[in-house]
Amino acid sequence: MNREIADGERSAADLLHTFGIPRPPRQVTPAPAPEQPRRINRQVAPRRGHAKVGHGWCPVPAPLTVYQASTHEIGGLFPLLAASPIPAVGARIGYDAHSGGAFYCHPVEWVLRSMCTNPNIVCFGEPGKGKSSTIVAFLLRMMVFGVRSLISGDVKGEYTPLLRALGVTPIMLGRGSRARLNALDLGPLESRWDSWTVDRQRDELDGVLGRWVQLLVALAEAQGYTATVTDEAVLSTVLRQLIGVADGYTRLRPITIPDVQRELADPDPALWTQTRFADRRHFLDHLRSITDALTNLISGPLAGLFDAPTNFTLDWDAPVQSLDLSRLRTRGDQAIAVALTCLGSWSSLMTDLQEDGDIRIVVRDELWRQMRLGLRAVQAVDGELRLSRAERKIQVLVSHKPSDFLSVGAVGSQEVSIAKDLLSLCSTRILFGQSTRVADQLADILALSEKEQEATTGWANERQGRALWKVENRTGYKVQTVRSTIERKLFDTNAQLRPTPPTEHDPAGGF
């Protein structure tokens, strides 16, 4: 069917030419012989095309009809949707529901391309919305680019199936496990100590001792004691004496938390003299609270986990490593929170001193448990997020709702203020389906538009794996995570809820 094009309107050829597609050459129809009448709708090619190379011959007749129309009508058939502005680099997560194009994620590339200011990610979502599956998919697909991952405390054991599928054995801590982790482990510091200059030794040691002091203070605060500046000065002095650097930075000695506790409970005269206490009794009375806090850590619910030398070695050449805490759930929330704090300090030291130049992903699941221990625990997390760019890390914080961060202290407290700022240290926010009340909190904290808020309460709740990806101040992207058949089996967080199929030896499936 042919249609006359109105004056002043562009044809399809003109429209395509505007986008760089050359116009087809004009076909000049030879004038018909005078004795033959002019034919209308002359067939240019056979219905099956020319049977020649490059001419598109079809084995069956093509029932095609050519139409000619104005750009007003062509716009309805060819809307010219813009592709997603996210660069096609990194892990392919799924597809952009708006443009239909593939959606990729590589936070470091986003920083290098000035799309955001830091590579950290925070993920919010109610259980069952695909939160863990998306994070696991991100870890797995970033391995193609040589990016290794560390799960710094897998509270529920959700990442263990992925590790086993990759041939990696996770480190299990808790009931029935012989694994022990020394929170004051020297790690790479000991092996590289002799190769460093004295200035380098001093700088590295100051950083490690500062982290250890913060860890011990945070563990004391977890039991209700607020440490003083004097407590920190004494802990720093004790650590220096125990590690063996007070005599001119010679070879380092490994230490454990029980070593620190014994030194505080039975101090050497040189210790209380150097720290300017009047006598031994004055020292013991002032340090009694923090000494008892460390004693409880040694003899309490976590006895035998963090009070002995580390007896395992992480394979840093493996694509992913995990410290599984699922066996600690029976010991209570505080035990898990203390374990997460110890693991956070230990894993930070292990990854900070890696000089291979590689980028690493550090997953911090249920971080709110750790931050509820007190101000020092919140400050420790804040410091690690601020250094992620310099240390080549992608910190991934996984939580259910923003109130998890806001409940780390009293309203208006310093802990809550710092916890709010943590969200600004995560340029990428992944928002899965939420209830209206929680979505209101997200909209207030993250300055979501009305349409973005509606996406988290409506569109994201309609199917598992849907989330609004908010990259700093850019408009959010509605992304659907896509998983393969194999990935669905690995990422199934509801596997424990399904009945176990009967075995050959027990056809009835009895116990």
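Everything numeric here is computed off the predicted structure, so don't read it as measured data. (Residues numbered from 1 in each chain as written. Predicted model: local features only at pLDDT ≥ 70, side-chain atom pairs only at ≥ 80, totals over all residues. Heavy atoms only, no water.)

Participant: Would you take a moment to explain the overall build of the protein chain for this structure?
Facilitator: Within the protein chain, the regular secondary structure consists of 20 helices and 11 strands. Within the protein chain, the proportion of its 511 residues that are buried is 48%. Of the accessible surface of the protein chain, which amounts to about 26600 Å², a share of 52% is contributed by carbon and sulfur atoms. (Helix = DSSP H or I, 4+ residues; strand = E, 2+ residues; numbered from the N terminus. Buried < 20%, exposed > 50% of the residue type's maximum accessible area, 1.4 Å probe, protein only. Areas by Shrake-Rupley, 256 points an atom, 1.4 Å probe, with all protein chains shown as cover.)

Participant: Explain helix H18 (residues 436–446) here, please?
Facilitator: Along an α-helix, residues three or four positions apart point the same way, because every turn accommodates 3.6 residues. Here H18 has its buried residues at Val438, Ala439, Leu442, Ala443 and Leu446. Buried residues of H18, viewed axially, fall in a sector of 140°; they line one side. Of the exposed residues in H18, the ones pointing more than 90 degrees away from its buried face are Arg437 and Asp444. Among the structural elements, strand E3 (121–124), helix H17 (414–424), strand E9 (428–432) and helix H19 (450–457) are those in contact with the buried residues of H18. Ala447 sits one or two residues past H18 and shows a positive phi near 55°. (Arc of directions from axis to C-beta. Contact = heavy atoms within 4.5 Å.)

Participant: What should I look at first to understand the sheet that holds strand E5 (residues 171–174) in this one?
Facilitator: The strands making up a sheet associate through hydrogen bonds between their backbones, and the pairing can be parallel or antiparallel. Read across the sheet, 11 strands follow the order E2-E1-E11-E10-E9-E3-E8-E7-E4-E6-E5 without closing on themselves; strand pairing throughout is mixed. Single-partner strands in this sheet number two, and they are strand E2 (102–105) and E5. Direction aside, neighbouring strands of the sheet carry axes that sit 25° apart on average. In the packing of H19 onto the sheet, contacts are made with E9, strand E10 (466–471) and strand E11 (477–481), and the angle to E10 comes to roughly 150°. (Pairing = 2+ DSSP bridges. Axes fitted to C-alpha atoms, helices over the stretch in contact; angles between N-to-C directions.)

Participant: Explain the packing of aromatic side chains here, please?
Facilitator: What characterises a pair of aromatic rings is the spacing of the ring centres plus the angle enclosed by the ring planes. Following the criterion strictly, the structure yields three aromatic pairs and no others. Aromatic pair Phe277 and Phe283: ring centres 5.2 Å apart, planes at 80°, arrangement edge-to-face. Look at Phe277 and you get buried, because its relative accessible area is 8%. Ring pairs connect the aromatic residues Phe103, Trp469 and Tyr477, which therefore count as one cluster. (Phe/Tyr/Trp six-rings, centres within 6.5 Å; stacked < 30°, edge-to-face > 60°.)

Participant: Just checking my understanding: could you explain the confidence of the model for the protein chain for this structure?
Facilitator: If pLDDT is low for a region, its predicted coordinates should not be looked at in detail. With 79% of its residues at a pLDDT of at least 70, the protein chain reaches an overall mean of 79. Predicted confidence for residues 1–6 stays below pLDDT 50, and this span has 10 contacts to residues more than four positions away or in other chains. Scored below 50 in pLDDT, residues 502–511 shows three contacts in the model against residues more than four places distant or in partner chains. (pLDDT = per-residue confidence, 0-100.)

Participant: When you look at the environment of Pro170 in this model, what are you seeing that I'm missing?
Facilitator: By the element assignment, Pro170 lies in the loop between helix H5 (160–165) and E5. Sequence spacing of Pro170 and Leu323 is 153 residues, and the spatial spacing of their C-alpha atoms is 6.1 Å. Every residue in contact with Pro170, bar those within four places of it in the chain, is listed here: Thr160, Leu163, Arg164 and Ser322.

Participant: Hey, could you run me through the environment of Thr237 in this one?
Facilitator: With respect to the helices and strands, the residue Thr237 is situated in helix H8 (residues 229–243). Residues Thr237 and Leu271 lie 34 residues apart in sequence; the distance between their C-alpha atoms is 7.9 Å. If we ignore the near neighbours within four places in the chain, the residues touching Thr237 are Leu271, Gln274 and Thr275.

Participant: Teacher, can you tell me more about the packing of H8 against helix H9 (residues 257–265) here?
Facilitator: Geometry of a packed helix pair, given as the angle between the helix axes and the separation of the axes. The interhelical angle for the contact between H8 and H9, taken along N-to-C directions, is 115°, at an axis separation of 10 Å. The handedness of the crossing between H8 and H9 is right-handed. Where H8 abuts H9, its residues Val234, Leu235, Val238, Leu239, Gln241 and Leu242 lie against Asp259, Val260, Glu263 and Leu264. The class makeup of the residues in the contact of H8 with H9 is seven nonpolar, one polar and two charged. (Left-handed = near helix turned anticlockwise from the far one by under 90°. Nonpolar A, V, L, I, M, F, W, Y, C, P; charged D, E, K, R; others polar.)

Participant: What's the story with the pairing of E10 in this structure? I'm lost.
Facilitator: Within a regular strand, the side chains alternate between the two sheet faces. Of all six residues that make up E10, six are buried, and the element is covered over most of its length. Of the two faces of E10, both are covered, the one formed by Arg466, Leu468 and Lys470 as well as the one formed by Ala467, Trp469 and Val471. Relative to E10, E9 runs antiparallel, the two sharing five bridges. Pairing of Ile430 across the sheet is with Trp469, part of E10. Here E10 runs beside E11; their pairing, made up of four bridges, is antiparallel. Within the sheet, the bridge partner assigned to Ala467 lies in E11 and is Val479.

Participant: Sorry if this is basic, but what is going on with the nonpolar core here?
Facilitator: One broad trend across soluble globular proteins is that nonpolar side chains are buried collectively. By size, the foremost hydrophobic cluster in this structure holds 69 residues, and its most contacted members are Trp212, Leu239, Val260, Leu264 and Phe283. When residues of this core are assigned to their parent elements, the largest contribution, 11 residues, is made by helix H7 (residues 198–221). Other than its neighbours up to four places away in sequence, Leu239 contacts Leu184, Leu209, Trp212, Val213, Leu216, Ile255 and Val260. Membership of the second largest hydrophobic core comes to 42 residues, among which are Val111, Val136, Val479 and Leu490. (Core = buried A, V, L, I, M, F, W, Y, C linked by side-chain atoms within 4.5 Å.)

Participant: Whenever I open this one, the pairing of strand E4 (residues 148–154) confuses me. Can you help?
Facilitator: A large share of E4 lies buried, amounting to seven of its seven residues. One ladder, built from four bridges, connects E4 with strand E7 (residues 360–365); its direction is parallel. In the strand pairing of E7, Ile151 is matched with Val363.

Participant: What should I look at first to understand the pattern of salt bridges in this one?
Facilitator: Per the counting criterion, the structure on display carries 13 salt bridges. Among the salt bridges present, the one from Arg202 reaches Asp199, with a minimum N-O distance of 3.2 Å. Here the residue Arg202 and the residue Asp199 both occupy positions in helix H7, the gap between them amounting to three residues, near one helical turn. Exposure remark for Arg202: the relative accessible area of 31% places this residue in the partly exposed category. Owing to a relative accessible area of 52%, Asp199 belongs among the exposed residues under this scheme. In this structure, the salt-bridge partner of Arg364 is Glu384, at a minimum N-O distance of 2.6 Å. On the criterion of sequence distance, the pair formed by Arg364 in strand E7 and Glu384 in helix H15 (residues 375–386) is long-range, its members being 20 residues apart. The class for Arg364 is buried, based on a relative accessible area of 4%. (Salt bridge = Lys/Arg side-chain N within 4 Å of Asp/Glu carboxyl O.)

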